[in-house]
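# Summary of the model geometry
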Amino acid sequence: LAATQTFLKDAQTALEHSLERRKVGKNVKTKSNVTVSGSNEFSRMAEQALQDTVQLLTSKGFAPFVLSGTLLGAVREGGILEHDYDIDLGLFAGEINIPSLESLLHNSPPFRCIYAAHQVVFSRSENGTLISTKIPVIFKLRHETGVVADIFLHHREGDRVWHGSSLFRWTNSSFDLRQFEL
């Protein structure tokens, strides 16, 4: 019961922050005591959350990379998009120890892991037995600023790389990473 109450409180805080952050140009005090004063305030908080997330992951040997809106902002505007509401990072699943990542994400203030999802893939063994396999796909962290960081696990399959949610997959051609100053 206590874990469920904690989860509901964290989910409510993240939702309030996300919705109230969209009231651009107005100073808003959320129930979680995060003051949101339009996009510039979000950008400052997101930059801090991004720095802290990257530092946490790299300090334990993980190699995160930016993607989605965070990558778009880095390339197009040289920073966080003013109208964004989270930060997006990726890790290559085949290059990491997933239990170590899970332990890190669940035990590292100033973060709280508020969501973890997997996809279930069904296959048959040689004798015809149905086998279900859980594939981890995303972790959501809430930083002490209230900013949510989505960490997508990227899976290589042949010449494709996919990441997704519990229901969807976004597939890309295989890609390599390069350094980019953000």
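Reading the values: rules and limits
Residues numbered from 1 in each chain as written. Predicted model: local features only at pLDDT ≥ 70, side-chain atom pairs only at ≥ 80, totals over all residues. Heavy atoms only, no water. Helix = DSSP H or I, 4+ residues; strand = E, 2+ residues; numbered from the N terminus. Buried < 20%, exposed > 50% of the residue type's maximum accessible area, 1.4 Å probe, protein only. Contact = heavy atoms within 4.5 Å. Areas by Shrake-Rupley, 256 points an atom, 1.4 Å probe, with all protein chains shown as cover. Lys, Arg positive; Asp, Glu negative; His and termini not counted. Salt bridge = Lys/Arg side-chain N within 4 Å of Asp/Glu carboxyl O. pLDDT = per-residue confidence, 0-100. Pairing = 2+ DSSP bridges.

## Considering the overall build of the protein
When helices and strands are tallied, the protein shows 4 helices and 9 strands. In the protein, the succession of α and β elements from N to C terminus is α-β-β-α-β-α-β-α-β-β-β-β-β. The proportion of buried residues among the 182 residues of the protein is 44%. Expressed as a percentage of contacts within the protein between residues at least 6 apart in sequence, the contacts between residues at least 24 apart total 53%. When the accessible surface of the protein is split by element, carbon and sulfur atoms take 51% of a total near 10,800 Å².

## Overview of unusual backbone geometry
Each neighbour pair has its own omega, and for proline 109 with proline 110 the value is 15°, a cis peptide bond. As for its placement among the helices and strands, proline 110 is situated in the loop between helix 4 (98-106) and strand 5 (111-124).

## Here we look at the side chain of aspartate 86
Among the secondary structure elements, aspartate 86 is positioned in strand 4 (residues 86-92). One buried charged residue, aspartate 86, remains without a salt bridge, the closest side chain of opposite sign being lysine 140 at 5.0 Å. Residues in contact with aspartate 86, not counting those within four places in the same chain, are Phe42, Thr70, Val148 and Asp150.

## Description of the confidence of the model for the protein
Chain-level statistics for the protein give a pLDDT mean of 81 and a share of 84% at 70 or above. The low-confidence segment residues 21-38, where pLDDT is below 50, has 39 contacts with residues more than four positions distant or belonging to other chains.

## Observations concerning the pairing of strand 7 (residues 148-157)
Consecutive side chains of a regular strand alternate in pointing toward one face of the sheet and then the other. Within strand 7, 8 of the 10 residues are buried, which leaves it mostly tucked inside the rest of the structure. Here strand 4 runs beside strand 7; their pairing, made up of 7 bridges, is parallel. Considered in strand 7, the bridge of glycine 90 is made with phenylalanine 152. When strand 6 (residues 130-143) meets strand 7, the two strands line up antiparallel, connected through 5 bridges. Each residue of the ladder has a partner; that of isoleucine 138, found in strand 7, is phenylalanine 152. The pairing of strand 7 with strand 8 (residues 160-164) spans 3 bridges and is antiparallel. The residue of strand 8 that forms the bridge with arginine 156 is valine 161. Turn length for the strand 7-strand 8 hairpin, with the two strands adjacent in sequence and antiparallel, is 2 residues, and the turn residue glycine 158 shows positive phi of about 65°.

## Remarks on the pattern of salt bridges
If the charged atoms of two oppositely charged side chains come close together, the side chains can form a pair. Considering all chains together, one arrives at 3 salt bridges under this definition. A salt bridge links glutamate 95 to arginine 156; the shortest N-O distance between them is 3.8 Å. Taken together, the positions of glutamate 95 in the loop between strand 4 and helix 4 and arginine 156 in strand 7 put the pair 61 residues apart, joining distant regions of the chain. Two residues, lysine 140 and aspartate 150, come together in a salt bridge whose shortest N-O distance is 2.7 Å. Here lysine 140 is found in strand 6, whereas its partner aspartate 150 is found in strand 7, with 10 residues between them in sequence. With a relative accessible area of 24%, lysine 140 lands in the partly exposed category. For aspartate 150, a relative accessible area of 4% translates into the label buried.

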